[in-house]
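Residues per chain are reported as follows:
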Amino acid sequence: MRIDIVSIFPEYLAALDLSLVGKARVAGLLDLRVHDLRDWTTDRHRTVDDTPFGGGAGMVMRPDVWGQAIDELTATGPAHLVVPTPSGATFTQRTAEALATEDQLVFACGRYEGIDARVAEHYRAAGHRVSELSIGDYVLNGGEVASLVMVEAVARLLPGVIGNPESLVEESHGAAGLLEYPVYTKPPVWSDLEVPDVLLSGHHAKIRRWRRDRALEKTSARRPDLIAALDASTLDKHDRAF
Ligand code: SAM
């Protein structure tokens, strides 16, 4: 997959050189390129924003500069344009799964009061998929952190990025629709707290059942909305007790 991220603060995206995403880039599993929006400006001051039509506070990012950038980055064919915005649809694990199937994603990191609304409208009309996405109900200063969140969630789903793909199967927000069960490691006793006996038993069926029960318990307590959304036909008699 190719991912292009455009920002006026490209240094913000340096974290994408680290950890699993960084390794995936080095291994050629992910072609990730970070760009400075100001490289597409034409004036001496490298201007990317202007005052809002209709008045009001703040500045708005100019569509002509964004247009130059996106046209160049999508010159070989339509890409999926992701515009982070607090007024977008909420980004979820399902969104990450859908984006992970794309050939090219272009992230447009807004600043100030955001990007002129005609940018999303124009690229939709031109046949690109455009997703205006929010990472939660709060307001950040720019789209860089939101893009980091989304790129990491997408990249870890690409084949070969996570060493053991089993890790993806049982985790929170996965196919089971539950939050993950509590996890433990050595030492078996720490601060007078013991690891549950069953996990030391070596009895795989019992461990599976214990983990599912704890996942159901945790999900009921923290996210009853997820329990309500479970497909009843996937639940056994034991599950229904929760
Ligand atoms: N005036 C905008 C509004 O009220 O919807 C907020 C603009 S915000 C200060 C600047 C930029 O930060 C946005 O264009 C977007 O790129 C990013 N941003 C802020 N909060 C976000 C969120 N919750 N999810 C995704 N992006 C966000």
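None of the values given here were measured: they were computed from a predicted structure.

A. View of the overall build of the protein. Looking only at helices and strands, the protein has seven helices and nine strands in total. Taking 242 residues into account, the globule formula puts the C-alpha radius of gyration at 18 Å, and the protein, at 22 Å, lies well above it. Principal-axis analysis of the C-alpha atoms gives the protein an extent of 70 × 40 × 40 Å. Across the 242 residues of the protein, 26% fall into the buried class. Across the protein, the fraction of contacts at a sequence separation of at least 24, relative to all contacts at a separation of at least 6, is 74%.

B. The arrangement of the UniProt feature "domain: tRNA methyltransferase TRMD/TRM10-type" (unreviewed entry) in the protein in detail. Residues annotated by UniProt as "domain: tRNA methyltransferase TRMD/TRM10-type" (unreviewed entry) correspond here to residues 1–228. Within the segment residues 1–228, helix and strand shares are 31% and 18% respectively, and the terminal C-alpha atoms sit 35 Å apart.

C. Local environment of the site of the ligand. Surveying the vicinity of the ligand reveals 19 residues, the closest of which are Pro-84, Gly-110, Gly-114, Gly-143 and Ala-146. Elements supplying a minimum of two residues to the shell around the ligand: β5 (80–90) and α5 (143–155). Top contributing element to the shell around the ligand by residue count: β5, with four residues. Tallied by class, residues from the shell around the ligand come to eight nonpolar, nine polar and two charged.

D. Looking closely at helix α4 (residues 118–125). For α4, the complete set of buried residues consists of Val-119, Ala-120 and Tyr-123. What you see down the axis of α4 is that its buried residues fit within an arc of 95 degrees, all on one side. With respect to the buried face of α4, the exposed residues turned more than 90 degrees away are Glu-121 and Ala-125. Lining the buried residues of α4 we find α2 (63–73), β5 and β7 (129–134). Of the residues flanking the end of α4, it is Gly-127, one or two places downstream, whose phi is positive at about 95 degrees.

E. Up close: the UniProt feature "binding site: S-adenosyl-L-methionine" (unreviewed entry) in the protein. Within this numbering scheme, the UniProt entry marks Gly-110, Ile-135, Gly-136, Asp-137, Tyr-138, Val-139 and Leu-140 as carrying the feature "binding site: S-adenosyl-L-methionine" (unreviewed entry). Mapped onto the fold, Tyr-138 is located in the loop between β7 and α5. Of note, Leu-140 is situated in the loop between β7 and α5. Apart from residues lying up to four places away in sequence, Leu-140 is in contact with Val-145 and Ala-146.

F. Quick look at the nonpolar core. Grouped together as the largest cluster of nonpolar side chains are 46 residues, with contacts concentrated most on Val-106, Phe-107, Ala-108 and Val-151. Looking at this core, the element that brings in the most residues is α5, giving six residues. Beyond its immediate chain neighbours, meaning those up to four positions away, Phe-107 contacts Ile-5, Val-6, Val-82, Pro-84, Ser-147 and Val-151.

G. Spotlight on the sheet that holds strand β1 (residues 2–7). Pairing within the open sheet is parallel, and its five strands lie in the order β2-β1-β6-β5-β7. The open sheet has two free edges, formed respectively by β2 (31–36) and β7, since each of these has just one partner strand. Mean inter-strand twist for the sheet, computed between neighbouring axes without regard to direction, equals 25 degrees. Relative to strand β6 (residues 104–108), β1 is paired through five bridges, and the arrangement is parallel. Paired with Ile-3 across the strands is Leu-105, a residue of β6. In the packing of α4 onto the sheet, contacts are made with β5 and β7, and the angle to β7 comes to roughly 145 degrees.

Cut-offs used in this document
Residues numbered from 1 in each chain as written. Predicted model: local features only at pLDDT ≥ 70, side-chain atom pairs only at ≥ 80, totals over all residues. Helix = DSSP H or I, 4+ residues; strand = E, 2+ residues; numbered from the N terminus. Rg over C-alpha atoms; globule rule 2.2 N^0.38 Å. Buried ≥ 20, exposed ≤ 12 C-beta atoms within 10 Å, placed from the backbone. Contact = placed C-beta atoms within 7 Å. UniProt positions renumbered as here; feature names shortened; annotations may be inferred. Near = placed C-beta within 6 Å. Nonpolar A, V, L, I, M, F, W, Y, C, P; charged D, E, K, R; others polar. Arc of directions from axis to C-beta. Core = buried A, V, L, I, M, F, W, Y, C linked by C-beta atoms within 7 Å. Pairing = 2+ DSSP bridges. Axes fitted to C-alpha atoms, helices over the stretch in contact; angles between N-to-C directions.

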